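One-letter residues, chain by chain:
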Amino acid sequence: EAGVAQSPRYKIIEKRQSVAFWCNPISGHATLYWYQQILGQGPKLLIQFQNNGVVDDSQLPKDRFSAERLKGVDSTLKIQPAKLEDSAVYLCASSRNEDTEAFFGQGTRLTVV
Amino acid sequence: AQSVSQHNHHVILSEAASLELGCNYSYGGTVNLFWYVQYPGQHLQLLLKYFSGDPLVKGIKGFEAEFIKSKFSFNLRKPSVQWSDTAEYFCAVNAIRRSQGNLIFGKGTKLSVKP
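Please read these numbers as outputs of a predicted model, since none were measured by experiment.

Draft legend 1. Looking closely at the interface of chain B and chain A. In this assembly, 17 residues from chain B lie in contact with 19 residues from chain A. Buried surface at the junction of chain B and chain A, both sides included, amounts to about 1,500 Å², of which 49% is carbon and sulfur. Connecting chain B to chain A are one salt bridge. One salt bridge in this structure joins arginine 98 of chain B and aspartate 56 of chain A, with 3.0 Å as the shortest N-O distance. At the boundary of chain B with chain A, the tally comes to twelve residue pairs in polar contact (both at pLDDT 80 or more). Residues that form the side of chain B that touches chain A fall into these classes: six nonpolar, nine polar and two charged.

As structure tokens, then:
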């Protein structure tokens, strides 16, 4: 079974630029999560989707971050404009449904300079 | 606010030594508990989880964890570590009403095993 795919693996941008990350979950997985992992810290949930609907976005900085999962499969996470403190690894995870184990992708490492 | 504390930032052991990584959580209700592992260059993987029942949970690769409700703890143990256990270990919790992937993670403990 193929895992959660994320791209790009690495991204370097200047502050105030915009950036987008892409996630392709495991086939058939209805639930999708985006996490932010800042160096030296554990992952922090940004947003959770169930199919194409948002279940939890309480920790998403909505002034600059947005995410969508239009067809209930792939998802994109966007930051506009980026700040230095957004430098982190952005992890995508998916699960078959809300009551099953989440599987993580390898993440996208973002550096904002 | 809910939080997870992992006591050790970096643990260095020799092969065959015993391992215990501490994890304490702060939450006012019933929780599910997890340990995840991230091997160098790889993605986060579930090591074991506790939902209910026997507080001693066995996971993959010889790891186990014990849930002590009175201490709000869920420590990870392994009797004899191997060089291949070198990785970062994350403790995580979620409220039982939340999805299994809706997690609060600790800061992680880096384990280095010397051959």
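Moving on from the model shown.
Draft legend 2. Quick peek at the pattern of salt bridges. All names here are of chain B. Counted by the stated rule, this structure contains seven salt bridges over all chains. The partner of lysine 58 in a salt bridge is glutamate 64, with the nearest N and O atoms 2.9 Å apart. Assessed through its relative accessible area of 62%, lysine 58 is described here as exposed. Under the relative-accessibility criterion, glutamate 64 is labelled buried at 18%. Notably, a salt bridge pairs arginine 77 with glutamate 66, separated by 3.2 Å at the nearest N-O pair. Of this pair, arginine 77 sits in strand S9 (residues 73–78) while glutamate 66 sits in strand S8 (residues 64–68); the two residues are eleven residues apart in sequence, bridging distant segments of the chain. Overall, the relative accessible area of 23% leaves arginine 77 in the partly exposed class. Judged by relative accessible area, glutamate 66 falls into the partly exposed class, the value being 28%. Among the charged side chains, a network of salt bridges with common partners joins Lys58, Glu64, Glu66 and Arg77.

Draft legend 3. Fine view of the pairing of S8 of chain B. Residue and element names in this part refer to chain B. Relative to S8, strand S7 (residues 56–58) runs antiparallel, the two sharing three bridges. When the sheet's bridge partners are listed, leucine 56 is paired in S8 with glutamate 66. Hairpin connection between S7 and S8: a loop of five residues separates the two successive antiparallel strands, and lysine 61 in this loop has a positive phi of roughly 60 degrees. Judged from the five bridges that link them, S8 and S9 form a sheet pairing that is antiparallel.

Draft legend 4. Inspection of unusual backbone geometry at higher detail. Residues and elements named next belong to chain A. A cis amide bond, omega -10 degrees, links serine 7 with the succeeding residue proline 8. Relative to the helices and strands, proline 8 is located in the loop between strand S1 (5–7) and strand S2 (10–13). A cis geometry characterises the amide bond from glutamine 80 onward to proline 81, with omega recorded as -5 degrees. In this structure, proline 81 sits in the loop between strand S8 (75–79) and strand S9 (88–95). Of note in the backbone geometry, arginine 16 takes a positive phi value of approximately 80 degrees without being a glycine. The topology assignment puts arginine 16 in the loop between S2 and strand S3 (19–24). By relative accessible area, arginine 16 is classed as exposed at 64%.

Cut-offs and rules
Residues numbered from 1 in each chain as written. Chains lettered and ligands numbered in written order. Predicted model: local features only at pLDDT ≥ 70, side-chain atom pairs only at ≥ 80, totals over all residues. Heavy atoms only, no water. Contact = heavy atoms within 4.5 Å. Buried area = accessible area lost by both parts, 1.4 Å probe. Salt bridge = Lys/Arg side-chain N within 4 Å of Asp/Glu carboxyl O. Polar contact = N/O pair within 3.5 Å; in protein donor to acceptor, adjacent residues only side chain to side chain. Nonpolar A, V, L, I, M, F, W, Y, C, P; charged D, E, K, R; others polar. Buried < 20%, exposed > 50% of the residue type's maximum accessible area, 1.4 Å probe, protein only. Helix = DSSP H or I, 4+ residues; strand = E, 2+ residues; numbered from the N terminus. Pairing = 2+ DSSP bridges.

Worth remembering: the numbers are spatial, not functional.
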